[in-house]
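Each chain is listed here by its residues.
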Amino acid sequence: MPFDNYSIIESTLREGEQFSTAAFTTAQKQTIAERLDAFGVEMIEMTSPCASPQSAADIRAVVGMGLNARILTHIRCNKDDARQALDTGAHGIDMVIGTSPQLMKHSHGKSINQIIDLAADVLSFIRQQAPDVILRFSTEDSFRSRESDLLRIYLSMADLGLVQRLGVADTVGVATPTQVGALVHQLVRLTGLHVEFHGHNDSGCAIANACAALEAGATHIDTTILGIGERNGITPLGGLIARLYTLNRRYVEKYNLTLLPQLDLLIAETCGIEIPFSNYITGSSAFIHKAGIHAKAVLADPNTYEILKPEDFGLSREIAIGHRLTGWNAIHNRALALGLSLDELTIKAITLTVKERADRQPLSLSEVDALLLEAALG
Ligand code: HCA
Ligand code: CU
């Protein structure tokens with residue numbers, strides 16, 4: 001069953017560090033790792049030790065925390081990077097090399113045959129040094145690579161028997177769910193290895209693509225908190241959770257969902273950004289119901305207009321009532337919440353007053369409350 005046995009590779013501390021305003025201190029990385037671990041992600045990916053001296057020290061610091069999540073680091077395809085990664089004591093090493101014509105020309109200048117030989121050499125070296133390290137091989141820009149090149153490379157890597165996982169990366173956010181499903185399905189069928197999907201969000205498909213990857217048999221999905229990463233980022237953790245929850249809440253039961261709002265807030269604060277109003281689950285308007293017709297139905301049964309239950313995430317819904325689209329059911333409900341028993345005619349008259357005043361300017365909740373109290377006091 002595609003959604004019953006998947007893991008999240010949380011890459012806020014790797015891909016996320018590539019976000020324009022991210023620059024995490026060691027203490028911040030430890031806090032982020034600790035909260036991700038409490039949330040329940042299975043793996044945490046950290047920036048390459050080759051990036052800077054602090055990056056290498058930070059991997060050691062996070063490995064030293066003894067979390068349940070496995071700590072992975074990320075390297076280019078060369079022995080020096082591999083050596084430095086091994087020195088950090090990380091539980092896993094994610095190796096990547098560009099395979100699109102664009103990256104072969106401008107990134108490393110190697111042919112497909114050279115890529116295969118080099119990758120085999122580096123992976124064998126790592127395996128000799130660390131028989132137990134979790135190893136992944138990934139192609140960068142998989143969806144602009146020639147399919148025949150990809151299959152040659154992945155099959156060669158699988159035949160070596162050195163890696164547990166193959167990764168596909170939609171590096172520029174160009175892939176569609178159908179394309180992702182087709183490639184993942186081929187790799188699962190041809191290699192029998194675990195398959196990871198890493199998808200950028202340039203054209204808005206990152207969550208749909210991650211879901212398509214899982215449907216096709218992928219076992220690992222890369223996410224970052226709020227989706228931060230290069231350019232406009234990758235599959236957001238909260239968005240993936242929302243997507244899977246709406247398919248079947250059972251698929252996300254293994255995670256501590258009530259910790260999600262804190263995670264989003266932590267990253268927003270650390271990166272000096274706002275949580276977008278439209279964000280999945282934690283956006284400021286995610287659980288606000290406004291139009292009278294919606295409010296009436298939600299008050300009767302939230303399921304009418306809510307596919308996610310706010311209380312499952314430690315949040316609550318709000319019925320907005322001080323505007324021209326308001327309805328008397330919502331105003332009546334507010335009166336009851338204030339402990340006021342007003343008859344239907346009075347409630348309808350107050351509703352009309354709210355609408356007339358809101359045509360000039362929306363009312364705050366306390367302004368609506370004042371109208372209700374005034375009417376109750378007679
Ligand atoms: C990068 C590119 C990468 C790698 C993904 C992966 C991408 O910044 O190194 O290793 O799975 O999007 O291709 O993030
Ligand atoms: Cu990426």
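Refer to the structure above for everything that follows.
Rules used throughout
Within each chain, residues carry numbers counting from 1 in the order of the written sequence. Here the convention is simple: chains get letters from A, ligands get numbers from 1, in the order in which they are written. This being a predicted model, a pLDDT of at least 70 is required before a residue's local features are given, and a value of 80 or more before pairs of side-chain atoms are given or counted; all residues contribute to the totals for chains, interfaces and linings. For the side-chain quantities, the full set of heavy atoms in the structure was used; hydrogens and water were omitted. Each metal's donors are the N, O and S atoms found within 2.8 Å of it, except that Na, K and Ca use a 3.2 Å limit; water is left out, so coordination can look incomplete. Strands are runs of DSSP state E lasting at least 2 residues, helices are runs of H or I lasting at least 4, and numbering of each runs from the N terminus. Partly exposed describes any residue whose relative accessible area lies between the buried limit of under 20% and the exposed limit of over 50%, with all areas from a 1.4 Å probe on protein chains only and scaled to the type maximum. For Phe, Tyr and Trp, rings pair up if their centres lie within 6.5 Å, where Trp contributes its six-membered ring, and each pair is then called stacked (planes under 30 degrees apart), edge-to-face (over 60) or tilted (otherwise). A pair of strands is labelled paired if DSSP reports no fewer than 2 bridges between them. The axes are straight lines fitted to the C-alpha atoms, using for helices just the contacting stretch, and the angles between their N-to-C directions are given from 0 to 180°. What makes two residues a contact is simply this: any of their non-hydrogen atoms within 4.5 Å. For cavity detection a 1 Å grid was placed over the protein atoms alone, and a set of points counts as a cavity when a 1.4 Å probe fits there but cannot get out; an open set counts as a pocket when protein lies on both sides within 12 Å along at least five of seven lines, with lining residues being those that have an atom within 4 Å of a point. Grid points are joined across faces, edges and corners, and a volume is the space filled by probe spheres set on the points. Following the grouping adopted for this structure description, the nonpolar residues are Ala, Val, Leu, Ile, Met, Phe, Trp, Tyr, Cys and Pro, the charged ones are Asp, Glu, Lys and Arg, and the polar ones are all others, Gly among them. We call a set of buried Ala, Val, Leu, Ile, Met, Phe, Trp, Tyr and Cys residues a nonpolar core when their side-chain atoms join them within 4.5 Å. A helix is expected to reach a length of 1.5 Å times the quantity of its residues less one.

J.: What is the right way to look at the coordination of the copper ion (ligand 2) in this model?
T.: In an ideal tetrahedron of four donors about a metal, each angle is 109.5 degrees. In an ideal octahedron of six donors, the angles are 90 or 180 degrees. Around the copper ion (ligand 2), the protein supplies Glu 15 (OE), His 198 (NE2) and His 200 (NE2) as donor atoms, at distances of 2.1 Å. Expressed as a motif, the donor residue spacing for the copper ion (ligand 2) is E-x182-H-x1-H. In this pair, Glu 15 is assigned in the loop between β1 (7-10) and α1 (26-39) and His 200 in the loop between β7 (194-199) and α8 (206-215), connecting sequence segments 185 residues apart. Taking relative accessible area as the criterion, His 200 reaches 4% and is therefore assigned buried.

J.: Would you take a moment to explain the packing of aromatic side chains for this structure?
T.: One pair of aromatic rings is described through two measures. These are the centre distance and the angle between the planes. Using the criterion set out here, one finds five aromatic pairs in the structure. The interplanar angle of 80° and the centroid separation of 6.3 Å between the aromatic rings of Phe 137 and Tyr 154 together place this pair among those described as edge-to-face. With Phe 137 in strand β5 (residues 134-140) and Tyr 154 in helix α6 (residues 147-160), the pair connects residues that are 17 residues apart, well separated along the chain. Measuring from centroid to centroid gives 5.4 Å for Tyr 245 and Phe 313, while their planes differ by 40°, and the two rings are tilted. Residue Tyr 245 is located in helix α9 (residues 237-247), and its partner Phe 313 is located in the loop between α11 (292-300) and β10 (318-319); the two are separated by 68 residues in the primary sequence.

J.: How should the sheet that holds β7 be read in this particular structure?
T.: Either a parallel or an antiparallel arrangement is found when strands of a sheet pair, and the pairing is made through backbone hydrogen bonds. The strand order around the closed barrel formed by eight strands is β1-β2-β3-β4-β5-β6-β7-β8, and the pairing between neighbours is parallel. On average, each strand axis in the sheet is tilted by 25° relative to the strand beside it, whichever way the strands run. Pairing geometry for β1 and strand β2 (residues 43-46), over two bridges, is parallel. Residue pairing across strands places Glu 10 opposite Ile 44, the latter belonging to β2. Across the face of the sheet, helix α3 (residues 79-87) comes into contact with β3 (70-75) and β4 (92-98) while running at roughly 160° to β3. Across the sheet, α6 lies against β5 and β6 (165-170), angled at about 170° from β5, the strand it touches most.

J.: Please clarify how the layout of surface pockets should be interpreted in this entry.
T.: Using a probe with the size of a water molecule, rolled over the atoms, empty space left in the structure can be pinpointed. Estimates place the volume of the largest pocket at around 680 Å³. The wall of the largest pocket is formed by 34 residues, among which Arg 14, Gln 18, His 74, Val 96 and Glu 140 lie closest to the centre. Mapped onto the lining of the largest pocket, the elements with two or more residues apiece are β3, β4, α4 (101-108), β5, β6 and β7. Leu 226, Gly 227, Asn 232, Pro 276 and Asn 279 are the residues nearest the centre of the second largest pocket, which is lined by 17 residues in total. By residue class, the composition of the lining of the second largest pocket is eight nonpolar, seven polar and two charged.

J.: Honestly, the nonpolar core in this entry has me stumped. Any pointers?
T.: The tendency in soluble globular proteins is for nonpolar side chains to be buried side by side. In this structure, Phe 39, Ile 44, Ile 126, Phe 137, Leu 237 and Ile 241 are the most contacted members of the largest nonpolar core, which totals 89 residues. Those residues in contact with Ile 126 that sit more than four places away from it in its chain are Ile 75, Ala 82, Leu 86, Ile 93, Val 133 and Leu 135. If you look at the next biggest cluster of nonpolar residues, it comprises 15 residues, including Ile 321, Ala 330, Leu 342 and Leu 371.

J.: Is there a simple way to think about the environment of Ala 376 in this case?
T.: Take Ala 376: it is sitting in helix α14 (residues 365-377). Beyond its immediate sequence surroundings of up to four residues, Ala 376 is in contact with Leu 340 and Leu 342.

J.: How do you make sense of helix α7 (residues 177-191) when you look at a structure like this?
T.: Since the α-helix packs 3.6 residues into each turn, any two residues three or four apart lie on the same face. The end-to-end C-alpha distance of α7, which contains 15 residues, comes to 21 Å, matching closely the 21 Å that a straight helix rising 1.5 Å per residue would cover. Of the residues making up α7, those classed as buried are Val 180, Gly 181, Leu 183, Val 184, Gln 186, Leu 187 and Thr 191. Tucked inside the fold, the buried residues of α7 contact α6, β6, β7 and α8.

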